[in-house]
Amino acid sequence: MLDSHVHLWDLTVRDQAWIPAGSPIRRTFGVSDLRSALAGTPVDSVILVQASNDAGETTDLISCAASEDLIRGVVGWADLRHQALAEADPAGWLRSPGVRRGLAALETAGLPFDLMIRPAHFPAALQAARDHPSLQFVLDHLGKPPIASGELEPWAAGIRALAAEPNVACKLSGLQTMASADWTYADLAPYIDIALEAFGPARLIFGSDWPVSLSAASYPRVCEVAQVACSGLSGPERAAMLAENARAIYRARCPPANRPILYES
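Model, not experiment: these values are computed from the prediction.

Enquirer: Can you explain helix H1 (residues 31-38)? Please cite residues and give values.
Expert: For H1, the full list of buried residues reads Val31, Leu34, Ala37 and Leu38. Each buried residue of H1 lies within a common arc of 120° when the element is viewed along its axis, so the set occupies one face. Exposed side chains of H1 directed beyond 90 degrees from the buried face belong to Ser32 and Ser36. Tucked inside the fold, the buried residues of H1 contact strand S1 (2-6), strand S2 (45-49), helix H2 (55-66), strand S3 (71-76) and helix H8 (219-229). Taken from the residues just after H1, Gly40 is the one with a positive phi, measuring 85°.

Enquirer: Report on the sheet that holds strand S6 (residues 168-172), specifying residues and quantitative values.
Expert: Whether parallel or antiparallel, the strands of a sheet pair through hydrogen bonds between backbone atoms. The sheet built from four strands is open, its strands ordered S4-S5-S6-S7 with parallel pairing. Two strands bound the open sheet, and with one partner strand each, they are strand S4 (113-115) and strand S7 (204-206). In this sheet, adjacent strand axes meet at a mean angle of 30° when their direction is disregarded. Relative to S7, S6 is paired through three bridges, and the arrangement is parallel. The residue of S7 that forms the bridge with Lys171 is Ile205.

Enquirer: I'd like to hear about unusual backbone geometry, residue by residue, with values.
Expert: Residues Glu153 and Pro154 are joined by a peptide bond in cis, for which omega reads 5°. A cis amide bond links Trp210 to the next residue, Pro211, at an omega of 0°. Structurally, Pro211 is set in the loop between S7 and H8. Even without glycine at this site, His141 takes up a positive phi of about 55°. Among the secondary structure elements, His141 is positioned in the loop between strand S5 (137-139) and helix H6 (155-163).

Enquirer: Summarise the nonpolar core; cite the residues concerned and give the values.
Expert: Counting residues in each nonpolar core, the largest one holds 78 residues, and the members touching the most others are Val46, Phe113, Phe137, Leu142 and Phe206. With residues near it in sequence (within four places) discarded, Val46 still touches Asp3, Val6, Leu34, Leu38, Leu70, Ile71, Arg72 and Gly73. Judged by nonpolar contacts, the second largest core, of 12 residues, contains Ile205, Ala243, Ile249 and Ala252.

Enquirer: With reference to specific residues and values, describe the pairing of S6.
Expert: The buried fraction of S6 is high, at five of five residues. With three bridges connecting them, S5 and S6 associate as parallel partners. Looking across to S6, one finds that Phe137 is bridged to Val168. Taken together, S5, H6 and S6 form a β-α-β motif whose crossover is right-handed. Each parallel crossover has a hand, and the one from S6 via helix H7 (residues 185-199) to S7 is right-handed.

Enquirer: Quick rundown of the environment of Ala198? Include the residues and the values.
Expert: Mapped onto the fold, Ala198 is located in helix H7. The contacts of Ala198, once residues within four sequence positions are left out, are Ile159, Arg160, Ala163 and Arg203.

Enquirer: A description of the side chain of Glu165 should follow, citing residues and the corresponding values.
Expert: Relative to the helices and strands, Glu165 resides in the loop between H6 and S6. Look at Glu165 and you get buried, because its relative accessible area is 14%. Excluding its chain neighbours within four sequence positions, the residues that come into contact with Glu165 are Leu126, Ala129, Arg130 and Arg203.

Enquirer: Can you break down the pattern of salt bridges residue by residue, with the values?
Expert: Pairs can form between side chains of opposite charge once their charged atoms are near each other. Counting across every chain of the model gives 11 salt bridges. Between Glu68 and Arg35 there is a salt bridge, and its shortest N-O distance comes to 2.8 Å. On the criterion of sequence distance, the pair formed by Glu68 in the loop between H2 and S3 and Arg35 in helix H1 is long-range, its members being 33 residues apart. Taking relative accessible area as the criterion, Arg35 reaches 42% and is therefore assigned partly exposed. Close ionic contact of Asp114 with Lys171 constitutes a salt bridge, the shortest N to O distance being 2.8 Å. Taken together, the residues span a long stretch of sequence, with Asp114 in strand S4 and Lys171 in strand S6 at a distance of 57 residues. Like Asp114, the residue Lys171 is buried in the burial classification. A cluster of three or more residues bridged by salt bridges with shared partners is formed by Arg14, Asp54 and Asp60.

Reading guide: rules and limits
- Residues numbered from 1 in each chain as written.
- Predicted model: local features only at pLDDT ≥ 70, side-chain atom pairs only at ≥ 80, totals over all residues.
- Heavy atoms only, no water.
- Buried < 20%, exposed > 50% of the residue type's maximum accessible area, 1.4 Å probe, protein only.
- Helix = DSSP H or I, 4+ residues; strand = E, 2+ residues; numbered from the N terminus.
- Arc of directions from axis to C-beta.
- Contact = heavy atoms within 4.5 Å.
- Pairing = 2+ DSSP bridges.
- Axes fitted to C-alpha atoms, helices over the stretch in contact; angles between N-to-C directions.
- Core = buried A, V, L, I, M, F, W, Y, C linked by side-chain atoms within 4.5 Å.
- Right-handed = clockwise from strand over helix to strand, strands pointing away.
- Salt bridge = Lys/Arg side-chain N within 4 Å of Asp/Glu carboxyl O.

Structural data, given as structure tokens:
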């Protein structure tokens, strides 16, 4: 398995202001912590993802990836006018001329774009995907469905509309933190099933959102959810969802001299 959504941070170097005081994840997480989390699981490689809108953090992540075989790429930050959920009006941000110019630059460069939004922002994301048909969009965390409440709409309709665009893929990640504290697979299943029906195994990607996910589940349990979600698929389809789709989108093969490829977010 390749985990397409892992964070690392050192709070002695850079604060992560989005982590609440008293949270169990309000501490430094380094490569040694990551290796301990992966031990005993089928995951043998990861993609690091930005945790803050900070070019310095991206530089640090690239340096870390250059020295660690475990890390096959970095989803870094570039100023397209900041990350969508860091904006007061994410939908308006996606529609802004400056961001659209940034997306066009990514499209020209052939770089994928990780998009972290909520269902309210799906229409703007859909228009962006249509306006940039050669840009590969990756929707993080299934678009943050309201799992704790059990509601499916309007999330489901929005997911199906986004999935109708061939340049949109979706990460099966971060689900546990959107569920109630006593969640079971049955709570997650309706959302996983809709995403699998909409995107198919060729455009769904496994990601853990570790260590954020630790507030709701252990790393092995997150992996188990992904494996159960794939259990009804063929061998090649399971391999696609659990590793190969991420390898293709992020070009996450072993780079020469362990040099990672930078991906913008």
